[in-house]
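Residue strings, one per chain:
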Protein chains: 2
Amino acid sequence: MATDGRTRRNGAGRRDLTEIAINCFARHGYQGTSIDRIAREAGVTKGAIYHHFRSKEDLLAAAVRDRIGEFETRVQNACRDAAPDESLRRIAEVCAEHARSEDRPRFAIKLMVESIETNAPVLEEMRGMMRRFRAFLRNIVRAGQDSGLLRSDADADAVAAAYTSAVIGAETQFYLDPKRFSLEHTLETFVSQMLDNLRPAGAAQTLQGRSDP
Amino acid sequence: MATDGRTRRNGAGRRDLTEIAINCFARHGYQGTSIDRIAREAGVTKGAIYHHFRSKEDLLAAAVRDRIGEFETRVQNACRDAAPDESLRRIAEVCAEHARSEDRPRFAIKLMVESIETNAPVLEEMRGMMRRFRAFLRNIVRAGQDSGLLRSDADADAVAAAYTSAVIGAETQFYLDPKRFSLEHTLETFVSQMLDNLRPAGAAQTLQGRSDP
DNA sequence: GTTGCCATACCGACCGTTTAGTATCGAGTG
DNA sequence: CACTCGATACTAAACGGTCGGTATGGCAAC
């Protein structure tokens, strides 16, 4: 708790504040999180936050931007040097890990849903993130089609949209009912189903999932 | 706006209040909706609301229960006298209609997500709804398996979970980006993909979706 | 008159934001 | 080296407003 080499004072820096803020926002939502709560968890007073950020919305926007960039980097790194079908499997794994992580989870789902009809700037940020995610998936599918690995008559946009739906819906159900909803198994089932369906006609057909008798 | 034959006064009855309340909650969230706002939209004052409901949470719980029951009835009716595969198509259609309706939409997604870590009673209600929804789907899949219509070696629970994921995720993306996200097409793509995958080995294989060249 | 339904007025708590003031540092100056 | 100056990083306190909730009273119907 002493010096961390980054700040002159004992308090939290601007970067630390966005970390703590997004954590609070992800747990209690934007409207359910008071500036005082963030300040308390950061070990500073309310004034310190208003020294770094113009408003509560400004703090939220900064925190969201940080997290979105982090998530996208993570997804991209998981796909490095991987074939299209392997990439599609890995992305689901990264999303599941993200949902199970200690600090990061829920922020996307919670703030995305809350911002609908209540916070236009954040909504726009989230909309951009989802569009980029779908485009990223679509390009992977297209690459698979171009290389003959995946069926070329499939609608890559629709496949990407369905994939994104499965991820968001599975995360939501997992947050709602973590003890009864098996996140990884659901995503694996979906991805296997999708890859089976995308296999070019004539290729060998595998049963659902791996061979785990 | 005069007498509607139900109430002695010009105000709204208990049932009308839950309708208006769920509408507000669905748009602005629970924490983003004040009692005064609901009262204003209902054409009454706060006192009227506290005459019918003990607290804001009580009002929310009553409104949520009403809506959940309504939705479940709608889904069940859509499946009357339908074969399993047809039921699975119809449920997706009902969910898409629900998402596009004028008054009802968003309440499930919004309140479900918001209640995570903030409102245990509502969370429990939502959890029950999702469990029943998945169980309903699973039973349809099992019925299809028993009748030989669907592959018997598929994991019915996992299929139901993936289906539910797709519905929730597609609705969420649609609310987030209604102009760019095509809800119906995404759900149709998913359901076709799933049914293709569930077709028993040896059965005729159709291409994705209908023939819309 | 009693009862059900609702309006009015109000309370205490809390929220986002502002302001005034303070402590701590680095750079510049002699 | 000491010393000033000006940022920077905060604290403490308060303000105006809104919120959920309550107490009270009145009007209409039976």
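Residues numbered from 1 in each chain as written. Chains lettered and ligands numbered in written order. Predicted model: local features only at pLDDT ≥ 70, side-chain atom pairs only at ≥ 80, totals over all residues. Heavy atoms only, no water.

1. Some remarks on the overall build of chain A
Stated formally: Going along the chain from the N terminus, every DSSP run of H or I of four or more residues is numbered as a helix, and every run of E of two or more is numbered as a strand. Throughout, exposure labels follow a simple rule: accessible area from a 1.4 Å probe, protein chains only, divided by the maximum for the residue type, with under 20% read as buried, over 50% as exposed, and the rest as partly exposed. The contact criterion used throughout is that any non-hydrogen atoms of two residues lie within 4.5 Å. Here the Shrake-Rupley method, with its probe set to 1.4 Å, supplies the accessible areas, and only the displayed protein chains count as covering residues.
When its secondary structure is counted, chain A shows nine helices and zero strands. Ordered by position from N to C terminus, the α and β elements of chain A give α-α-α-α-α-α-α-α-α. Out of the 213 residues belonging to chain A, those deemed buried represent 53%. When contacts within chain A are restricted to residue pairs at least 6 apart in sequence, those whose partners lie at least 24 apart make up 65%. Accessible surface computed for chain A: about 10,300 Å², of which carbon and sulfur atoms make up 47%.

2. Looking at helix α1 (residues 14–28) of chain A
Residue and element names in this part refer to chain A. The cut-off we apply is this: Given the number of residues in a helix, its expected span is that number minus one, multiplied by 1.5 Å.
With 15 residues, α1 should cover 21 Å at 1.5 Å per step; its first-to-last C-alpha distance of 21 Å lies within 8% of that length. Among the residues of α1, Leu17, Thr18, Ala21, Ile22, Asn23, Cys24, Phe25, Ala26 and His28 are the ones counted as buried. Buried residues belonging to α1 abut α2 (35–42), α3 (46–52), α4 (56–78) and α6 (107–115). Residue Gly29 follows α1 closely and has a positive phi angle near 80°.

3. Description of the interface of chain B and chain A
The condition that has to hold: Here the buried area means the combined drop in accessible surface, using a 1.4 Å probe, for two parts upon being joined, counting both sides. Salt bridges are defined by distance alone: a side-chain nitrogen of Lys or Arg within 4 Å of a carboxyl oxygen of Asp or Glu. Residue type decides the class: Asp, Glu, Lys and Arg count as charged, Ala, Val, Leu, Ile, Met, Phe, Trp, Tyr, Cys and Pro as nonpolar, and the leftover types, Gly among them, as polar.
Listed per partner, the contact involves 50 residues of chain B and 50 residues of chain A. Where chain B abuts chain A, roughly 4,500 Å² becomes buried across the two surfaces, and 56% of that area is made up of carbon and sulfur atoms. Salt-bridge contacts for Asp177 of chain B lead to Arg134 of chain A; the nearest nitrogen and oxygen are separated by 3.7 Å. The set of elements that each furnish at least two residues to the side of chain B that touches chain A consists of α1 (14–28), α6 (107–115), α7 (120–146), α8 (156–176) and α9 (183–198) of chain B. Here the side of chain B that touches chain A gets 14 residues from one element, more than from any other, and that element is α8 of chain B. In terms of residue class, the side of chain B that touches chain A is made up of 21 nonpolar, 15 polar and 14 charged.

4. What about the pattern of salt bridges?
Across all of its chains, the model carries 40 salt bridges over all chains by this definition. Glu184 of chain A serves as the salt-bridge partner of Arg100 of chain A, at 2.7 Å between the closest nitrogen and oxygen. With Arg100 of chain A in helix α5 (residues 84–100) and Glu184 of chain A in helix α9 (residues 183–198), this residue pair connects regions lying 84 residues apart in the sequence. A salt bridge links Glu70 of chain B to Arg15 of chain B; its shortest N-O distance comes to 3.3 Å. In this pair, Glu70 of chain B is assigned in helix α4 (residues 56–78) and Arg15 of chain B in helix α1, connecting sequence segments 55 residues apart. Each of the salt bridges in this network shares a partner with another, and the network as a whole consists of Arg15, Glu19, Asp66, Arg67 and Glu70 of chain A.

5. Side note on the relation of the copies chain B and chain A
Stated formally: Least squares is the method used to superpose the copies, on C-alpha atoms of residues holding a pLDDT of at least 70 in both.
Structural alignment of chain B on chain A gives an RMSD of 0.1 Å, achieved by rotating through 180° and translating 0.0 Å along the axis. Both copies of the chain, as the preceding transformation shows, are related through a two-fold rotation axis. When the interface residues of chain B are mapped onto chain A, 100% of them are again interface residues, pointing to one common binding face.

6. Structural notes on unusual backbone geometry
All names here are of chain A. Although it is not a glycine, Arg106 sits at a positive phi angle of roughly 75°. Tracing the backbone through its elements, the reader meets Arg106 in the loop between α5 and α6. Residue class for Arg106 comes out buried when judged on its relative accessible area of 18%.

7. Focus on the packing of helix α8 (residues 156–176) of chain A against α8 of chain B
Here is the rule: Only the contacting stretch of a helix is used when fitting its axis, a line to C-alpha atoms as for every element, and angles between N-to-C directions run 0 to 180 degrees. What sets the label is the angle itself: under 35 degrees gives roughly parallel, over 145 gives roughly antiparallel, 65 to 115 gives roughly perpendicular, and the rest give oblique.
Two elements in contact, α8 of chain A and α8 of chain B, have axes whose closest approach is 6 Å; the angle formed by their N-to-C orientations is 105°. Compared by their axis directions, α8 of chain A and α8 of chain B come out roughly perpendicular. Across from Ala161, Thr164, Ser165, Ala166, Ile168, Gly169, Ala170, Thr172 and Gln173 of chain A in α8 of chain A, the residues of α8 of chain B making contact are Ala161, Thr164, Ser165, Ala166, Ile168, Gly169, Ala170, Thr172 and Gln173 of chain B. Of the residues assigned to the contact of α8 of chain A with α8 of chain B, the class counts are eight nonpolar, ten polar and no charged.

8. Some words on the packing of aromatic side chains
Quick note on the threshold: Centres within 6.5 Å are what make two rings of Phe, Tyr or Trp a pair, Trp counting through its six-membered ring; a difference in plane orientation under 30 degrees is then read as stacked, over 60 as edge-to-face, and the rest as tilted. Sitting over a ring, as applied to charges here, requires NZ of Lys or CZ of Arg to be within 6 Å of the ring centre and within 35 degrees of the ring normal.
Within this structure, the stated rule accounts for nine aromatic pairs over all chains. Taken together, a centroid distance of 5.5 Å and an interplanar angle of 50° make the contact between Phe25 of chain A and Tyr30 of chain A tilted. A relative accessible area of 15% places Tyr30 of chain A in the buried class. Ring geometry for Phe174 of chain A versus Tyr175 of chain A: centroids 5.9 Å apart, planes at 50°, classification tilted. By the burial criterion, Phe174 of chain A is buried, and Tyr175 of chain A matches it. The structure contains a cluster of three or more aromatic residues connected by ring pairs, namely Tyr163 and Phe190 of chain A together with Tyr163 and Phe190 of chain B. We note Lys56 of chain A situated over the ring of Tyr30 of chain A; from NZ or CZ to the ring centre the distance is 4.3 Å.

9. Here we look at the environment of Pro178 of chain A
Locating Pro178 of chain A in the fold gives a position in the loop between α8 and α9. Considered as a pair, Pro178 of chain A and Arg100 of chain A are 78 residues apart in the sequence and their alpha carbons are 9.7 Å apart.

10. So, the confidence of the model for chain A
Residue and element names in this part refer to chain A. Operational definition: Each residue carries a pLDDT value, the predictor's own confidence for that position, ranging from 0 to 100.
Averaged over every residue, the pLDDT of chain A is 89; residues scoring 70 or more account for 89%. Per-element averaging of pLDDT across chain A places α1 at the bottom with 92 and α8 at the top with 98. Within the model, the stretch residues 1–9 combines pLDDT values under 50 with four contacts to residues more than four positions away or in other chains. For the stretch residues 207–213, pLDDT sits under 50, and the model shows ten contacts to residues farther than four places along the chain or on other chains.

11. Points about the environment of Asn139 of chain A
By secondary structure assignment, the location of Asn139 of chain A is in helix α7 (residues 120–146). Counting along the chain gives 17 residues from Asn139 of chain A to Ala156 of chain A, while the straight-line C-alpha distance between them is 7.9 Å.

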